[in-house]
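A look at the structure
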Amino acid sequence: MDTESVSSLLSICDADAVDVIFLDADHSELEIALVALREMGERAPASVMIGDYPDRALEAYDRGACDFLLRPIEATRLAVSIQRLQQLLANRQAKARAALLEEALADLRERAASVGTAACARDFWVSGHGARVRIGQSEIVWLEAARGYVYFHLRSRKLLERMTMKQLEARLDPDRFLRVHRSAIVNVDEIAAALRDRHGLYAVELTNGARVRVGRKYRDGLSELIQQTQARPRAEDAAA
């Protein structure tokens, strides 16, 4: 085996995914082959060394060989070696499958965590009845500014939290909430009617019966919403 044949052999191993390679422990180009195999890393085939002297076995194992066969090779000893190789390859395949599975699970965990984190970030923790209450955005009917505080108007109650409208808007879902006044934001799915007079839209009536004034500068936004949605169904109607 010359240098060129070593290179050719290892190229074949790399391209054809060879499982096992038998090496002459006394060959002059053995070290070249071993270096090349180490460079292949986990893609390297299992190696078995064959030699004429039993004292070369320890050296073979030290150099990374999976087994050592003494010439002349006995059939029973070869059968044992093949059995060891089969077990080794089975373990490698199981390890590779486990690594792929762990990678897939890690990816799923990361996606679930990012979705969960995003969902939690959009929820609000609001003071209520001596406790901090978690409010999902779907529960909010409308929000009302009150001198550095915000009233969270829910379907059956309202809660007060120290917060600015700027902080509030940064966390609200822009597809779900619409600013209708400098001191009011409404959940568009909770709009039951848009009220108008001879000057144009002036208020929205919500599903909980509340009427929220629409500021002049926000009327165009409400008109655009009406045109875009064309009686957009509320979340509970869509669910039904």
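Note: the structure precedes this text.
So, a few notes on the structure that sits alongside this text. (Residues numbered from 1 in each chain as written. Predicted model: local features only at pLDDT ≥ 70, side-chain atom pairs only at ≥ 80, totals over all residues. Heavy atoms only, no water.)

1. Section: the overall build of the protein
What the protein contains, in helices and strands, is seven helices and 13 strands. Counting over 240 residues, the protein shows a buried share of 33%. Relative to all contacts within the protein whose residues are 6 or more apart in sequence, the contacts with residues 24 or more apart total 44%. (Helix = DSSP H or I, 4+ residues; strand = E, 2+ residues; numbered from the N terminus. Buried < 20%, exposed > 50% of the residue type's maximum accessible area, 1.4 Å probe, protein only. Contact = heavy atoms within 4.5 Å.)

2. Side note on unusual backbone geometry
At the junction of R71 and P72, the peptide bond is cis and its omega measures out at -5° in the coordinates. By the element assignment, P72 lies in the loop between strand 3 (67–70) and helix 4 (75–122). One non-glycine residue with positive phi stands out, namely R147, at about 50°. Mapped onto the fold, R147 is located in the loop between strand 6 (140–146) and strand 7 (149–154).

3. Focus on helix 2 (residues 30–40)
Residues three or four positions apart in an α-helix share a direction because the helix packs 3.6 residues into each turn. Those residues of helix 2 that sit buried are L30, A33, L34, A36, L37 and M40. The buried side chains of helix 2 occupy one side of the element, clustering within an arc of 165° when seen end-on. Those residues of helix 2 that are exposed and angled more than 90 degrees off the buried face are R38 and E39. Looking one or two places after helix 2, you find G41, whose phi comes out positive at around 65°. (Arc of directions from axis to C-beta.)

4. Regarding a nonpolar patch on the surface
The grouping of F22, I73, L78 and I82 at the surface amounts to a nonpolar patch, some 320 Å² of accessible area in total. Examined against the element boundaries, L78 turns out to sit in helix 4. L78 sits in the partly exposed class, given a relative accessible area of 32%. (Patch = residues over 30% accessible without salt bridge, like charges linked within 9 Å, V, L, I, M, F, W, Y side chains within 5 Å. Areas by Shrake-Rupley, 256 points an atom, 1.4 Å probe, with all protein chains shown as cover. Salt bridge = Lys/Arg side-chain N within 4 Å of Asp/Glu carboxyl O.)

5. A short note on the pairing of strand 3
Pairing analysis gives four bridges linking strand 2 (residues 46–51) to strand 3, with the strands arranged parallel. If you follow G51 over to strand 3, its bridge partner there is L70. Running through helix 3 (residues 57–62), the crossover from strand 2 to the neighbouring parallel element strand 3 is right-handed. (Pairing = 2+ DSSP bridges. Right-handed = clockwise from strand over helix to strand, strands pointing away.)

6. What to know about the side chain of H153
Residue placement: H153 occurs in strand 7. Exposure remark for H153: the relative accessible area of 10% places this residue in the buried category. Of the polar contacts made by the side chain of H153, one reaches the side chain of E144; its length is 2.8 Å. The contacts of H153, once residues within four sequence positions are left out, are I140, V141, W142, E144 and K158. (Polar contact = N/O pair within 3.5 Å; in protein donor to acceptor, adjacent residues only side chain to side chain.)

7. Let's talk about the pairing of strand 11 (residues 191–197)
Bridge count between strand 11 and strand 12 (residues 200–206): six bridges; the pairing is antiparallel. The residue of strand 12 that forms the bridge with I191 is L206. Between the antiparallel neighbours strand 11 and strand 12 lie two residues.

8. As for the packing of aromatic side chains
Tallying each qualifying case throughout the model produces one aromatic pair. Lying over the aromatic face of Y151, K158 brings its terminal NZ or CZ to 4.5 Å of the ring centre. (Phe/Tyr/Trp six-rings, centres within 6.5 Å; stacked < 30°, edge-to-face > 60°. Lys NZ or Arg CZ within 6 Å of the ring centre and 35° of its normal.)

9. Observations regarding the environment of G51
Tracing the sequence through the fold places G51 in strand 2. Taking the C-alpha atoms as reference points, G51 and F68, 17 residues apart in sequence, are found 7.5 Å from one another. Among all residues touching G51, those that are not within four sequence positions of it are A25, D26, F68, L69, L70 and R71.

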